[in-house]
Amino acid sequence: MTRPVPRWVGALAVLGALLMGLPLLGLLLRAPWPRVPALLASPAALDALGLSLRTCLASTVLCLVLGLPVALVLSRLRGRWVALGRVVATVPMVLPPVVAGLALLVTLGRRGLIGQVLSLGGIEIGFTTAAVVIAQTFVAMPFLVVAVEGALRSIDPDAELVAATLGAGPSRVLWQVTLPALRPAIASGASLAAARALGEFGATITFAGSLQGTTRTLPLEIYLQREVDTDTSLALAAVLIGLAALLVLATTLVGRERTA
């Protein structure tokens, strides 16, 4: 039996859903669907789509490799360190994208805090494909950290304690007890992180620039085509919405499995 909600809450929910859904519907209705295959076959569109998929995959892997340890440590912090850890882990999620890109640029750019040291060794990060991956990871990893850290705080620690009592080392407990229990949260967080990375724009253009085939991802190509070819920008935007919707749908399905 579903729990009832007040009518005024339902009315506000409808307004909220319309605010979120109507712009997407408007874009999809405006897209030139008969010409979409031809528009997507252009070299610029193919380069942008291919680059977005490759960098999104790379940044999602980085989010998993780096974000899972952050979530694990954060869930075990106590006292004042909890607040500090959560600030560091979640601020990139709420920063304006251009500010995120500027922060990366002054840190890892050629004249940045770390970038100038790397430049002496012949390593350039800014305005390269690597910069795209770093920018996407910077803004997307908090989504994974938040999802997994919340799940870690809600799971029963007794299984880990029992495994440790039976002689399992910390690494074995992690691989055989903790991570299997976190599988739904990890999958959900990774899907959200991938969707965020796929749509990243501001940090990318500030830190990586817009070079076709190198740093011009799908959102950047949409922005450029908006001024010169509206149909192409709408076609690319429809593709981006479809890809993001699939990733969010995967998150929803994982959430259902988790609560089943």
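Here the structure is a predicted model, which is why all the values come from computation and not from measurement.

Asks: Any chance you could explain the overall build of the chain here in plain terms?
Replies: Counting its secondary structure elements, the chain contains 12 helices and zero strands. Helices (α) and strands (β) of the chain occur, in sequence order from the N terminus, as α-α-α-α-α-α-α-α-α-α-α-α. Counting only C-alpha atoms and orienting by the principal axes, one finds that the chain spans roughly 65 × 65 × 30 Å. By the burial criterion, 37% of the 260 residues in the chain qualify as buried. Sequence separation of 24 or more characterises 75% of the internal contacts of the chain that already satisfy a separation of 6 or more. Mean positive and mean negative side-chain charge positions of the chain (19 and 12 charges, respectively) differ by 6 Å.

Asks: Would you take a moment to explain the packing of aromatic side chains for this structure?
Replies: The description of an aromatic ring pair rests on the distance of the ring centres and on the angle between the ring planes. Applying the stated criterion across every chain yields a total of one aromatic pair. Their ring planes at 50 degrees and their centres at 5.3 Å tell us that F201 and Y223 sit as a pair that is tilted. In this pair, F201 sits in the loop between helix 9 (170-198) and helix 10 (202-207) while Y223 sits in helix 11 (residues 218-228), placing the two residues 22 residues apart along the sequence. Residue F201 is classed as partly exposed on the basis of its relative accessible area of 28%. On the basis of relative accessibility, which here comes to 41%, the residue Y223 falls in the partly exposed class.

Asks: How do you make sense of the environment of A159 when you look at a structure like this?
Replies: Its location among the elements puts A159 in helix 8 (residues 158-165). A159 sits 61 residues away from L220 along the chain, and the two C-alpha atoms are 47 Å apart.

Asks: Help me out: how do you make sense of the nonpolar core in this one?
Replies: Buried together is how nonpolar side chains tend to be arranged in soluble globular proteins. If you look at the biggest cluster of nonpolar residues, it comprises 29 residues, and the most contacted ones within it are V148 and L182. Breaking this core down by element, the ones donating at least two residues are helix 3 (43-76), helix 7 (129-154), helix 9, helix 11 and helix 12 (230-259). With sequence-adjacent residues up to four places away left out, L182 is seen in contact with V148, A151, L152 and I155. Within the second largest apolar cluster, 11 residues are counted, among which are A135, V139, A203 and F207.

Rules used throughout
- Residues numbered from 1 in each chain as written.
- Predicted model: local features only at pLDDT ≥ 70, side-chain atom pairs only at ≥ 80, totals over all residues.
- Heavy atoms only, no water.
- Helix = DSSP H or I, 4+ residues; strand = E, 2+ residues; numbered from the N terminus.
- Buried < 20%, exposed > 50% of the residue type's maximum accessible area, 1.4 Å probe, protein only.
- Contact = heavy atoms within 4.5 Å.
- Lys, Arg positive; Asp, Glu negative; His and termini not counted.
- Charge placed at Lys NZ, Arg CZ, Asp CG, Glu CD.
- Phe/Tyr/Trp six-rings, centres within 6.5 Å; stacked < 30°, edge-to-face > 60°.
- Core = buried A, V, L, I, M, F, W, Y, C linked by side-chain atoms within 4.5 Å.

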